[in-house]
Amino acid sequence: GVGKESFFMPYAFTVTNVWASLVTPQTSGSILTVDINEAAASILSTKLTIDNNEKFSGTAATPAVLSDTSIASGAEITFDVDQVGTGGAGLKVYIEGRRT
């Protein structure tokens, strides 16, 4: 669903990497797909995915691609779960980078 979680960035930030993990991997169905948005616009041109029977997006067949690496101070960051399969639990999404 849209806007499953959100926070406000406390300072300007340059994103260098994004990734996601599951505590329990999905066993079947559509691959888990997650979008990260700044002020309602995606920062990804290719969304984060976690393949079935995997716990980490870093091993996904299709890696995430950043399209916007500059996040403004005070920007609202939201997370959308666009697609989900069966059996997964414990989603965590990580944004790596540096304060600018």
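To be clear, the structure that these remarks concern was listed above.
Engineer: Which parts of the structure should I look at to understand the overall build of the protein chain?
Structural biologist: A count of helical and extended segments in the protein chain gives zero helices and 10 strands. Listed N to C, the secondary structure of the protein chain is β-β-β-β-β-β-β-β-β-β in terms of helices and strands. The C-alpha atoms of the protein chain give 13 Å as radius of gyration, which agrees with the globular expectation for 100 residues (13 Å, within 12%). With respect to the principal axes defined by its C-alpha atoms, the protein chain has extents near 40 × 20 × 20 Å. Within the span of the protein chain, comprising 100 residues, buried residues form 30% of the whole. Contacts in the protein chain between residues at least 24 apart in sequence constitute 76% of all its contacts with a sequence separation of at least 6.

Engineer: Before we go on, may I ask you to explain the sheet that holds strand 8 (residues 70–71) in this structure?
Structural biologist: Sheet strands pair by backbone hydrogen bonding; their relative direction is either parallel or antiparallel. Judged by pairing direction, the sheet is antiparallel, and its three strands sit side by side in the order 8-2-10 without closing on themselves. Every other strand in the sheet has two partners, leaving strand 8 and strand 10 (92–99) as the edge strands with one partner each.

Engineer: Even after reading the chapter, I still don't get unusual backbone geometry, so can you show me in this structure?
Structural biologist: Across residues other than glycine, the phi torsion is negative in most instances, and most of the peptide bonds are trans. Unlike most non-glycine residues, Ala40 shows phi in positive territory, near 70°. Looking at the secondary structure, you find Ala40 in the loop between strand 3 (32–38) and strand 4 (41–42). The exposure class of Ala40 is exposed, given its relative accessible area of 73%. In this structure, Asn53 takes a positive phi of about 65° despite not being glycine. The exposure class assigned to Asn53 is exposed, which follows from its relative accessible area of 55%.

Engineer: How should the side chain of Asp35 be read in this particular structure?
Structural biologist: Residue placement: Asp35 occurs in strand 3. A polar contact is formed between the side chain of Asp35 and the side chain of Ser42, at a distance of 2.6 Å. Setting aside chain neighbours within four positions, we find Asp35 in contact with Ser42, Leu44, Lys47, Thr78, Phe79, Asp80 and Asp82.

Engineer: How do you make sense of the nonpolar core when you look at a structure like this?
Structural biologist: A general trend in soluble globular proteins is that nonpolar side chains are found buried together. Counting residues in each nonpolar core, the largest one holds 17 residues, and the members touching the most others are Val15, Val18, Ile36, Leu44, Leu48 and Ile71. Ranked by the residues each element gives to this core, the list is headed by strand 2 (residues 13–21), at four residues. Among all residues touching Val15, those that are not within four sequence positions of it are Ile43, Leu66, Thr69, Ile71, Ile95, Glu96 and Gly97.

Engineer: How should I be thinking about the packing of aromatic side chains in this particular structure?
Structural biologist: Given two aromatic rings, their pairing is described by the distance between the two centres and the angle made by the two planes. Overall, the coordinates contain four aromatic pairs when judged by the stated rule. Aromatic side chains Trp19 and Tyr94 sit 3.9 Å apart centroid to centroid with 15° between the ring planes, which places their arrangement in the stacked category. Taken together, the residues Trp19 in strand 2 and Tyr94 in strand 10 connect sequence positions 75 residues apart. Three or more aromatic residues joined by ring pairs form one cluster here, namely Trp19, Phe56 and Tyr94.

What counts, and at which threshold
- Residues take numbers from 1 onward in each chain, read along the sequence in its written order.
- Residue-level local features of this predicted model are given only where pLDDT is at least 70; pairs of side-chain atoms are given and counted only at 80 or more, and the full residue set underlies all totals for whole chains, interfaces and linings.
- To get the side-chain values, all heavy atoms of the structure are used, and hydrogens and water are removed first.
- In this text, helices come from DSSP runs of H or I with a minimum length of four residues, and strands from runs of E with a minimum of two, each type numbered from the N-terminal end.
- Atoms counted for the radius of gyration: C-alpha only. Globule rule: 2.2 Å times residue count to the power 0.38.
- Think of it in three bands: with a 1.4 Å probe and only protein chains considered, a residue is buried below 20% of the maximum accessible area for its type, exposed above 50%, and partly exposed in between.
- Contacts: residue pairs with any heavy atoms within 4.5 Å of one another.
- Two strands are said to pair when DSSP picks up at least two bridges between them.
- Whenever a nitrogen or oxygen atom comes within 3.5 Å of another N or O atom, the pair is scored as a polar contact, on the condition that within protein one atom can donate a hydrogen and the other can accept it, and that pairs from neighbouring residues in sequence are kept only if both atoms are in side chains.
- Side-chain atoms within 4.5 Å are what join buried Ala, Val, Leu, Ile, Met, Phe, Trp, Tyr and Cys residues into a set we call a nonpolar core.
- Between the rings of Phe, Tyr and Trp (Trp by its six-membered ring), a pair exists once the centres lie within 6.5 Å; its type follows the angle of the planes, with under 30 degrees stacked, over 60 edge-to-face, and the other angles tilted.

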